[in-house]
Amino acid sequence: RESRTSPLVDIQPFLDRVILFFSDERVPHEVLPANLQRYAVTLWYFNKKERELSIEKDNNFKKCMETLQNANTKKSNSISSENKEEQEDKQKKICKSQMWELD
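Structure report, in brief. Predicted model, so just to flag it, every value in this text is computed and none were measured.

Cut-offs and rules
Residues numbered from 1 in each chain as written. Predicted model: local features only at pLDDT ≥ 70, side-chain atom pairs only at ≥ 80, totals over all residues. Heavy atoms only, no water. Salt bridge = Lys/Arg side-chain N within 4 Å of Asp/Glu carboxyl O. Helix = DSSP H or I, 4+ residues; strand = E, 2+ residues; numbered from the N terminus. Phe/Tyr/Trp six-rings, centres within 6.5 Å; stacked < 30°, edge-to-face > 60°. Buried < 20%, exposed > 50% of the residue type's maximum accessible area, 1.4 Å probe, protein only. Disulfide = S-S within 2.5 Å.

### Section: the pattern of salt bridges
- One pass over the full model with this rule turns up two salt bridges.
- Here Lys62 makes a salt bridge to Asp58, at a shortest N to O gap of 3.2 Å. Residue Lys62 and its partner Asp58 are both found in helix α1 (residues 48-75); the two are separated by four residues, about one turn of the helix.
- Residue Lys92 is joined to Glu88 by a salt bridge in which the shortest nitrogen-to-oxygen separation is 3.6 Å. In this pair, Lys92 and Glu88 are both assigned in helix α2 (residues 81-99), four residues apart and thus about one turn of the helix distant.

This is the structure:
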C-alpha cells in the first residue's frame, strides 16, 4: 500500500454525532474514556481476497476442532463435564494458533 501523510484530526464527541472510518492501518486512531454512556457498532468489511482468506481460516478452524474432538472421543468417554470444558478450551487454543499461521 502506498503511504500517505495526512494531518491528525481531533473529533469532538458532540451529541448525535456518528463517525464512520476504517479502523485498520489506514486510519490510526484511539478512543478516549467517556464520562457518559456511549455506544459502538462494529462492522466488518472484507474485499474478495480478505473474504476468501477469512472463509479458509474458519473452515480450517472447524476441521481442526473436529479432528481434535474425534481424537479425544476415542481416547476417553469417561471425562467429567468440567474436564471436557477444559479440554475444549485447549483445543480452541491449538486450533486458533494454527489458524493465525495463515497470515
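### Points about the packing of aromatic side chains
- Evaluation of the coordinates by the stated rule reveals one aromatic pair.
- Ring plane angle 15 degrees and centroid distance 6.4 Å describe the contact between Trp44 and Phe46, whose orientation is recorded as stacked.
- For Trp44, a relative accessible area of 68% corresponds to the exposed category.

### Observations regarding the state of the cysteines
- Per the stated rule, a full pass over the model turns up one disulfide.
- Two residues share a disulfide in this structure: Cys64 and Cys95, whose sulfurs sit 2.1 Å from each other. Since a negative S-S torsion denotes a left-handed disulfide, the Cys64-Cys95 link at about -85 degrees is left-handed. Residue Cys64 is located in helix α1, and its partner Cys95 is located in helix α2; the two are separated by 31 residues in the primary sequence.
- A relative accessible area of 13% places Cys64 in the buried class.
- Judged by its relative accessible area of 2%, Cys95 falls in the buried class.

Read these as spatial facts, not as claims about activity.
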